[in-house]
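# Structural overview
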Amino acid sequence: MGLDLESISEATSGAIGSLVSTTILYPLDTCKTKYQAEVRAHGQQKYRNLSDVFWEAIQNRQFLSLYQGLGTKNLQSFISQFVYFYGYSYFKRLYLEKSGAKKIGTKENLVLAAAAGACTAILTQPLDTASSRMQTSAFGKSKGLWKTLTEGKWTDAFDGLGISLLLTSNPAIQFTVFDQLKNRLVKKKQDKAGNGSSPEALSASSAFALGAISKTIATILTYPAIRCKVMIQAVDSNDNETEKAQKKSRKTVPGAIRAIWKSEGVPGFFKGLHAQILKTVLSSALLLMIKEKITASTWVLILATRRFLLLSRGGLKNA
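Cut-off values and rules
- Counting restarts for each chain: residues are numbered from 1 in the order of the written sequence.
- Given that the model is predicted, a residue must reach a pLDDT of at least 70 before its local features are reported, and side-chain atom pairs must reach 80 or more before they are shown or counted; all residues, however, enter totals for whole chains, interfaces and linings.
- Only heavy atoms go into the side-chain values, all of them from the structure, while hydrogens and water stay out.
- UniProt positions are given in the numbering used here, feature names are shortened, and annotations may be inferred rather than shown by experiment.
- Of the grid points, spaced at 1 Å and generated over the protein atoms alone, those admitting a 1.4 Å probe that cannot get out make up cavities, while open sets with protein on both sides within 12 Å along at least five of seven lines make up pockets; any residue with an atom within 4 Å of a point is treated as lining.
- Grid points are joined across faces, edges and corners, and a volume is the space filled by probe spheres set on the points.
- Here a strand is any run of E in DSSP of at least two residues, a helix any run of H or I of at least four, and the numbering for each starts at the N terminus.
- Residues are grouped as follows: nonpolar covers Ala, Val, Leu, Ile, Met, Phe, Trp, Tyr, Cys and Pro; charged covers Asp, Glu, Lys and Arg; every other residue, Gly included, is treated as polar.
- For helices, the axis comes from a line fit to the C-alpha atoms of the stretch in contact; other axes are also lines fit to C-alpha atoms, and the angle between any two N-to-C directions lies between 0 and 180 degrees.
- Each angle receives one of four descriptions, namely roughly parallel if under 35 degrees, roughly antiparallel if over 145, roughly perpendicular if within 65 to 115, and oblique otherwise.
- Any two residues whose heavy atoms approach within 4.5 Å are treated as being in contact.

Identification of the protein as Peroxisomal adenine nucleotide carrier 1 from Castanea mollissima is taken from an unreviewed UniProt entry. One UniProt comment on the protein, placed under Subcellular location (unreviewed entry), says "Peroxisome membrane". Per UniProt, the protein carries the Sequence similarities (unreviewed entry) text "Belongs to the mitochondrial carrier (TC 2.A.29) family."

Below you can see the structure in the form of structure tokens.
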């Protein structure tokens, strides 16, 4: 298929949208992650509400620590969204070309989205783990990316990879729902417009609303796995040896499940769900809204760059 410029355009606009939304919502993401990582011990817990994390930072004069790990998170977010959107767009185009089908069904869409998500998870897992450790570190005590990644065994950088692969179902569900809703809305607009115009892009408000709906559905369905993943990737604090051993046992999926079940019961698997929905819905809605608005401009820019490079190459050959 050669160089897929359309997929590159989709990937670039998606990555830029992710970068902007991640930066805007990062303090909320830090509070959410620290809240999710805590497991009630001996009937006590440090954070009873999401706002407790925020007020702790304020009271300790560590507001800027709410941004600890932002650089790593942005790097991880940009790369992961670029890889995901490129893979998702590329796989869809490849499927349509090979199968000869005119449209992609829901089942096929889920498989293609999951495949793109799996490629993304494998490539960006070390950055994902590092950003989670930075966010769950004590305020003001977060370490740099390299030091965070090189602590312990090299395999520790891939903590949670298995559950990350499982969670490829989250964006798969999200973007499948978004695409289906988008297609219906665009078709409805086309029917109203008649044979004249053919609207392809959603308005900012429509993209935001569809992004929020699709991400809410995906988050609710996959949240127990999300909570376990945060616990697995959370940084180990300097506790006594007994607590260290207990935390070490949580670094596996069965261990995380047992810890939640034993300490918090069934409700524990949904602790922080409201915070997760708030953060991810706002983030994904902003991402998709920005992506929809800049996709056309990105496509024009890529074509202009390609034309410039071809003309430059032609000029060099004639020189």
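Following the structure, the description resumes.
## Structural notes on empty space enclosed by the protein
Scanning the entire structure with this criterion turns up 1 cavity of 30 Å³ or more. The space that makes up the largest cavity amounts to roughly 990 Å³. Looking at the largest cavity, it is lined by 43 residues, and the ones nearest its centre are K73, Q76, Q81, K215 and K229. Secondary structure elements with two or more residues in the lining of the largest cavity: α1 (5–24), α2 (26–37), α4 (70–99), α5 (106–136), α8 (169–193), α9 (204–233) and α12 (273–318). Tallying contributions element by element places α5 first for the lining of the largest cavity, with 8 residues. Classifying every residue of the lining of the largest cavity gives 10 nonpolar, 26 polar and 7 charged.

## Overview of the packing of α9 against helix α11 (residues 253–264)
Contact geometry of α9 with α11 gives a least axis separation of 9 Å together with a crossing angle of 105°. Overall, the two elements α9 and α11 adopt an arrangement that is roughly perpendicular. Every residue of α11 that contacts α9 at R227, C228, M231 and I232 is listed here: V253, A256, I257, A259, I260 and E264. For the contact of α9 with α11, a count of residues per class yields 8 nonpolar, no polar and 2 charged.

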